[in-house]
Amino acid sequence: MDILILSIATLVGLYMAANIGSNDLANAMGTSVGSGALTLNQAVVISIIANAAGAVLAGSYVTNTISKGMIDPTLFSHSPNDLMIGMFASLLAAGIWVNVATYLALPVSTTHSIVGAVVGFGILSVGAGAISWAKVISIVTSWVVSPVAGAVIAGVMFYVLEKGIMRSKHPIEASERYAPFLIFLVVIVLILSFIFKGLKNLHLHISFIETILFSMPVAAAIGILGRKWIRWQMKPSSRSFFGTKDSSAVDRFFSQLQVMTAFYVAFAHGANDVANAVGPLAAIFSVVKTKAVALRVEVPFWMLLMGGIAVGGGLFVFGARVMETIGKNITEINPLRGFCAQFGAATTILVCSRLGLPISTTHVLVGAVVGVGFMRGMGSVDLRVLRNIAYSWIITLPFTVLLCMILYKALSFAMASIF
Amino acid sequence: MRFLLSSMFYKSPFENLQRHADKVRECAEMFRRAAECHIKENCAEFDHLTDEVAKLESEADAIKRNIRNHLPRGILMPVDKFEFFQYLREQDKVLDEVEEALFWLSFRPSGIPHEIAEDFMGLVDAVLPPIEELSRLVRLATDYFKTGSEKQREKMKSLIRDIRQHEKEADILERELKAKVFTQIKDALAVYHLIRLAEIVGSIADHAQNASDRMRAMIAR
């Protein structure tokens, strides 16, 4: 019996992971494919490798039994079965919502989906009082904070770079001049993000000053070395690894930078968001195996690896054909704009999470694209779509809460009648 | 699955603007052939060309409506929408005037008096380059709003200067033609017809220049 439950739970976990890939990761990689910095195949390979690496190297091997600590798990110590059914229902409800949202072309936060689902079964099983409502409020704040912060940072970045490089008399010379500074900036943000966000689960306890002292010289060295690489890549004769063949030298320059940020985004995604699918699965495994409820559960290596690959695989399986058309359809994204949106988003996530502001990657990225659009960067942006996206963010919570309640009731009933 | 953010990117209206500009250019070429044919006696092709132009005009009109009807509020564009519409209006007027000029030619099948035929063709040839240049301008603009490159902008500015120069030359030719009509043609009906025709042909270049001025405003900074 246990083995049956575990297999089904694993399948549902894979379903959730694949959906995360098709929604979350597709957004993160989409700007790179759209700008032509990466081909579809390159994007898929980078996603799968970086995402799995993020999950395995920097993912949580120990996680809260109940996602994001929304409920105190000791409340379930007398009824571990309820917790198991609840987490099962949560995974399924969140997976279904993300699937629906993907079908409707709405970028939603997978974290918010799983949190909503957990709240749903929590209300039914232990009552509304047991839920950490402060965390729910922080989610509501993020609907506003994330897109605004993303828009401001990406917009300012686009304005400065367009003025400094594209509008200069000699864009190629200008980008060569800017190159070491830009590479320095990108590397700094990547290192800081890796340490603060990607690697926070390793509990390295590195202080802020230490991090800065470490990252500054490294970034400076890479910046100076990078200048040589950029010079070589921008020569019309040289073989370019990323970006389309006929793109201009400046486009090739930004393609290189964009690929770096794309890799980072996929890595950070693996480190943080794979847990949305894998965490509840680990909780189910723990309950089934020990017949008890722990405060925190261990996540086995195989589960993280499988989750990381499944997320990348979800991008490939669901996304292959459609992502192929992105490059042709969204000609408005060029490497400079794509880089600003993506790097702006990465920077926003770093700054805001350091400040303790609640943000969601998806929401930040949507804001960043609009921010570049406001700077008259994008060919044309449909602001009406933004309204639909905003609705979908708000609906995420009530929808997953309700769906999970229904699934929880149905599953409990089914379990009770079988046993 | 789809790339979820893609729905946020609205199809760029510049593609359709290019199609519209190409139709205008096509019409201008037909107009030249029709005018040349009309000056010669026994022009068999003229009616066919007029029909062709009328057909192209209605196609271009459909493109124009399509652009206008699909740019609702809430679409963020790299240019001022008001300016964009004004540009479209002027580009469309170029086409209207070409069609109108053809109609005026057809009103008097007796043709253009041979005394002024050469000057008339000179005026027709003078208003054609701005139309060619307009279509090239749109192509450059599409590129410029994609890349934001300063080099592209300089090219556009020099093209706009060319259009202005051509319009000035066409203006002079129009004045000279009118003066010649008044001195050499004695038939009052013919004078009226020719003066009006010269004005219409001249206004083709005027509208092309107006359009390019709008474009200049769009790339102003």
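The rules behind the values
- Residues numbered from 1 in each chain as written.
- Chains lettered and ligands numbered in written order.
- Predicted model: local features only at pLDDT ≥ 70, side-chain atom pairs only at ≥ 80, totals over all residues.
- Helix = DSSP H or I, 4+ residues; strand = E, 2+ residues; numbered from the N terminus.
- Buried ≥ 20, exposed ≤ 12 C-beta atoms within 10 Å, placed from the backbone.
- Contact = placed C-beta atoms within 7 Å.
- Axes fitted to C-alpha atoms, helices over the stretch in contact; angles between N-to-C directions.
- Parallel < 35°, antiparallel > 145°, perpendicular 65-115°, else oblique.
- Nonpolar A, V, L, I, M, F, W, Y, C, P; charged D, E, K, R; others polar.
- Expected span 1.5 Å × (residues − 1).
- Core = buried A, V, L, I, M, F, W, Y, C linked by C-beta atoms within 7 Å.
- Left-handed = near helix turned anticlockwise from the far one by under 90°.
- pLDDT = per-residue confidence, 0-100.

Visitor: An account of the overall build of chain B is requested, with residue identities and associated values reported.
Guide: For chain B, the count of helices and strands is six helices and one strand. Taken over the C-alpha atoms alone, chain B extends approximately 70 × 35 × 25 Å along its principal axes. Within chain B, the fraction of its 221 residues that count as buried is 42%. Long-range contacts, defined here as pairs at least 24 residues apart, represent 83% of the contacts in chain B between residues at least 6 apart.

Visitor: Please provide a residue-by-residue account of the overall build of chain A, values included.
Guide: The secondary structure content of chain A amounts to 13 helices and three strands. By residue count, 59% of the 419 residues in chain A fall in the buried class. Residue pairs in contact within chain A that sit at least 24 positions apart in sequence constitute 87% of those at least 6 positions apart.

Visitor: For the packing of helix H1 (residues 2–34) of chain A against helix H9 (residues 275–290) of chain A, give the residues involved together with the corresponding values.
Guide: Residues and elements named next belong to chain A. Viewed as axis vectors pointing N to C, H1 and H9 meet at an angle of 170 degrees, and their least axial separation amounts to 8 Å. Judged by the inter-axis angle, H1 sits roughly antiparallel to H9. Residues Asp2, Ile5, Leu6, Ala9, Thr10, Gly13, Met16, Ala17 and Ile20 of H1 form the contact with H9, whose own contacting residues are Asn276, Ala277, Val278, Leu281, Ile284, Phe285 and Val288. Of the residues assigned to the contact of H1 with H9, the class counts are twelve nonpolar, three polar and one charged.

Visitor: Explain unusual backbone geometry to me, using residue names and the numbers behind them.
Guide: Leaving glycine out, the prevailing phi sign among residues is negative, and the prevailing peptide bond configuration is trans. All names here are of chain A. With a phi close to 55 degrees, lysine 291 is a non-glycine residue in the positive phi region. Relative to the helices and strands, lysine 291 resides in the loop between H9 and strand S2 (296–298). Exposure remark for lysine 291: the 11 C-beta atoms within 10 Å place this residue in the exposed category.

Visitor: Tell me what's going on with helix H8 (residues 249–273) of chain A, and back it up with residues and numbers.
Guide: If you check H8(A), its first and last C-alpha atoms are 35 Å apart, about what 25 residues at 1.5 Å a residue would give, namely 36 Å. The buried count for H8(A) comes to 24 of 25 residues, which makes it a mostly enclosed element.

Visitor: Before we move on, could you go through the nonpolar core and cite the residues and values that matter?
Guide: Generally speaking, soluble globular proteins have nonpolar side chains that are buried together. The biggest cluster of nonpolar side chains holds 149 residues, and the ones touching the most others in it are Phe88(A), Ala93(A), Ala154(A), Ala266(A), Cys340(A) and Cys404(A). Aside from chain neighbours lying at most four places away, what touches Cys340(A) is Ala154(A), Met157(A), Phe158(A), Leu161(A) and Val372(A). With 56 residues, the next largest nonpolar core counts Ala60(B), Ala101(B), Leu134(B) and Met215(B) among its residues.

Visitor: An account of the packing of helix H2 (residues 46–69) of chain B against helix H3 (residues 81–107) of chain B is requested, with residue identities and associated values reported.
Guide: Relative placement of two packed helices is described by the angle separating their axes and the distance separating the axes. Residues and elements named next belong to chain B. At a minimum axis separation of 11 Å, H2 and H3 run at an interaxial angle of 165 degrees. Overall, the two elements H2 and H3 adopt an arrangement that is roughly antiparallel. The chirality of how H2 crosses H3 is left-handed. Contacts between H2 and H3 involve Thr50, Val53, Ala54, Glu57, Ala60, Lys64, Ile67 and Arg68 on the former and, on the latter, Phe85, Leu88, Asp92, Leu95, Val98, Glu99, Leu102 and Ser106. Residue composition of the contact of H2 with H3, grouped by class: nine nonpolar, two polar and five charged.

Visitor: Kindly report on the confidence of the model for chain B, identifying the contributing residues and their values.
Guide: Mean pLDDT for chain B: 89, with 97% of residues reaching 70 or above. In the model output, the complex is listed with pTM 0.81 alongside ipTM 0.71.

Visitor: Can you explain the confidence of the model for chain A? Please cite residues and give values.
Guide: Here chain A averages 82 in pLDDT, and 90% of its residues register 70 or above. Under a pLDDT of 50 for its full length, residues 324–328 of chain A has, in the predicted model, nine contacts with residues more than four places off or in other chains.

Visitor: Outline the environment of Leu402(A), listing residues and values.
Guide: All names here are of chain A. The residue leucine 402 is located in helix H13 (residues 383–418) in this model. Take leucine 402: there are 14 C-beta atoms within 10 Å of it, and that puts it in the partly exposed class. Put simply, leucine 402 and alanine 93 are 309 residues apart on the chain and 8.9 Å apart in space, counted from C-alpha to C-alpha.

Visitor: Describe the environment of Ala219(A), with residues and values.
Guide: Residues and elements named next belong to chain A. Examined against the element boundaries, alanine 219 turns out to sit in helix H7 (residues 208–234). On the neighbour-count criterion, alanine 219 (22 C-beta atoms within 10 Å) is buried. With 175 residues separating them in the primary sequence, alanine 219 and valine 44 have C-alpha atoms 27 Å apart. Contacts of alanine 219, omitting those with residues within four sequence positions, involve Phe184, Val187, Ile188 and Ile191.

Visitor: Before we move on, could you go through the environment of Thr183(B) and cite the residues and values that matter?
Guide: Residues and elements named next belong to chain B. Its place among the elements puts threonine 183 in helix H5 (residues 150–184). Take threonine 183: there are 9 C-beta atoms within 10 Å of it, and that puts it in the exposed class. Distance from threonine 183 to glutamate 83, taken between C-alpha atoms, is 43 Å for residues 100 residues apart in sequence.

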